[in-house]
Amino acid sequence: MPPKCEHCKAPTEAPKICAGCNNVPAYGEAGAPPNTVYCSKACQTAHWETHKQICKTLNIRRIIFQAGATLQDVFYNYRFQVFDQKIVKIDRKHGKIYVQASKSDFAGRTRHSIFDCLHPFPTSLVQSKEEEKAILTSLAADDALCFMYEMIKYFFGGTVSQFLDIIFVSTNNKLAVVGISPNGFVDDRPYEHRVVKLCAKNGEEYALDLTGAQWGYFEPIMPWKTYQLSRIFRVTREVKLVKTDTDVGGLNGFNYQILDKDYFTFWRTINHQCSLAVAEITRYWEKKKVTTAKDLFKKQDKEFPREQKDLVDFVAAELKAFLDKSIENTRKTVAESDARLDSSYPIGDDIVPYVANFAALDYESTQ
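*Asks:* Describe the confidence of the model for the protein chain, and please don't skip the residues or the numbers.
*Replies:* Of all residues in the protein chain, 85% attain a pLDDT of 70 or more, and the chain-wide mean is 86. Segment residues 342–352: pLDDT under 50, and nine contacts once partners within four positions in sequence are set aside and those in other chains are kept.

Given below as structure tokens:
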């Protein structure tokens with residue numbers, strides 16, 4: 001039986017579907033809303049005053065789901081580039097991934113690049129993309145909110161009226177990543193989790209969980225009520241989301257024998273610079289494509305995956321180039337510094353000379 005026009009109610013053999021709210025995800029238990037169809041452009045125009053509120057509501061929902069998916073992919077690639085653990089072995093047992101870390105060779109050196117605190121992700125040791133995502137996000141919920149803060153505000157700006165920072169004790173975890181330190185300490189403590197509660201302008205509420213993969217949950221966006229009932233045992237803090245780098249937790253993972261007290265400062269500096277780079281690279285992609293990320297998130301099912309992949313891949317490639325150039329610049333600076341450094345230069349216990357020379361992202365000159 002052919003669908004009926006939403007305005008004149010006549011059956012139509014060639015329905016015109018409203019592009020603004022076509023194939024929008026479900027919200028809660030109601031299921032995905034049916035597509036709104038018309039028999040003609042004239043009927044669609046005549047029905048707009050009746051339809052526009054639900055259309056805008058559903059369009060905001062589409063933007064939130066697609067912005068969340070994009071941001072999560074950006075964060076996965078980001079963590080891959082700035083991975084901070086020297087992993088030598090991965091085991092699996094009873095629904096847990098045991099990750100063995102080796103002692104970093106960073107400590108004890110007299111002069112070095114701050115990039116020495118980064119390590120290649122152990123791709124050859126993982127068995128699936130899901131396992132890779134779980135390890136990338138392990139104990140990185142704080143890092144995601146800190147270093148993706150600008151991107152969260154930018155991607156969801158205009159559709160979200162309030163961002164809440166929620167810390168909670170989780171439940172119904174399907175997976176756990178257990179860190180084993182170089183000295184054999186098995187860290188299977190029940191860490192709290194952290195997400196952003198998005199209060200959308202259409203009245204709907206969502207959980208933005210960029211690091212749920214560490215617990216076996218890979219959906220970045222979920223209606224808040226559903227998330228609350230299925231994932232939250234007890235909320236321990238609920239505050240307005242603000243940018244902070246005082247409580248990032250990535251280095252609390254697998255390296256428990258970091259002797260150099262500046263290690264964390266170096267790692268945080270790298271992440272700060274890389275997070276700024278991600279925002280600038282995204283803006284450059286927008287200029288190249290003569291579009292915006294927000295326009296991307298409005299795209300239909302057929303268009304969105306291709307264009308989203310283009311953005312995510314572009315940010316990943318440019319971030320890698322930024323890091324590679326920064327590492328190259330810094331190594332040259334270290335070599336020049338070492339050549340000038342008198343062998344009798346006193347290196348005390350409290351001062352470890354370090355070098356950083358970040359590359360410039362001069363996109364304006366390449367327009």
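The discussion continues.
*Asks:* Outline the environment of Lys 240, supporting the account with residue identities and numerical values.
*Replies:* Tracing the backbone through its elements, the reader meets Lys 240 in strand β12 (residues 232–240). The exposure class assigned to Lys 240 is exposed, which follows from its relative accessible area of 63%. When the C-alpha positions of Lys 240 and Phe 163 are compared, they lie 6.1 Å apart, and in sequence the two are 77 residues distant. When near neighbours in sequence (up to four residues on either side) are disregarded, Lys 240 contacts Phe 163, Leu 164 and Asp 165.

*Asks:* Got a sec to walk through the sheet that holds strand β10 (residues 205–208)? Specific residues and values, please.
*Replies:* In spatial order, the strands read β11-β10-β9-β6-β12; together these five strands make up an open sheet with antiparallel pairing. Each having just a single partner strand, β11 (221–223) and β12 make up the two edges of the open sheet. For this sheet, the mean inter-axis angle between neighbouring strands, taken without regard to orientation, is 35 degrees. Sheet topology note: the strand β9 (residues 193–200)/β10 ladder contains four bridges and is antiparallel. Bridge pairing links Cys 199 to Glu 205 in β10. Contacts between helix α1 (residues 41–81) and the sheet are confined to β6 (160–170), β9, β10 and β11, with β10 contributing the most and set at about 5 degrees to the helix. Sheet strands touched by helix α5 (residues 224–231): β6, β9, β10, β11 and β12. Its angle to β11, the strand with the most contacts, is close to 95 degrees.

*Asks:* Tell me about the pairing of strand β7 (residues 176–180), residues and numbers included.
*Replies:* Counted residue by residue, β7 has five buried out of five residues, so it is predominantly covered. Burial of the side chains of β7 extends over both faces: Ala 176, Val 178 and Ile 180 are buried on one face and Val 177 and Gly 179 on the other. Both β7 and strand β8 (residues 186–187) contribute to a ladder of two bridges, which runs antiparallel. Opposite Ile 180, over in β8, you have Val 186 as the bridge partner. Linking β7 back to β8 in an antiparallel pair, the connection comprises five residues, with Gly 184 at a positive phi of about 90 degrees.

*Asks:* Explain the packing of α1 against helix α2 (residues 129–137) to me, using residue names and the numbers behind them.
*Replies:* Two numbers describe how α1 lies on α2: the axes approach to 10 Å, and their chain directions differ by 70 degrees. The orientation of α1 with respect to α2, classified from their angle, is roughly perpendicular. Between α1 and α2, the residues in contact are Phe 75, Tyr 76, Arg 79 and Phe 80 and Glu 132, Lys 133, Leu 136 and Thr 137, respectively.

Criteria and cut-off values
- Residues numbered from 1 in each chain as written.
- Predicted model: local features only at pLDDT ≥ 70, side-chain atom pairs only at ≥ 80, totals over all residues.
- Heavy atoms only, no water.
- pLDDT = per-residue confidence, 0-100.
- Contact = heavy atoms within 4.5 Å.
- Helix = DSSP H or I, 4+ residues; strand = E, 2+ residues; numbered from the N terminus.
- Buried < 20%, exposed > 50% of the residue type's maximum accessible area, 1.4 Å probe, protein only.
- Pairing = 2+ DSSP bridges.
- Axes fitted to C-alpha atoms, helices over the stretch in contact; angles between N-to-C directions.
- Parallel < 35°, antiparallel > 145°, perpendicular 65-115°, else oblique.

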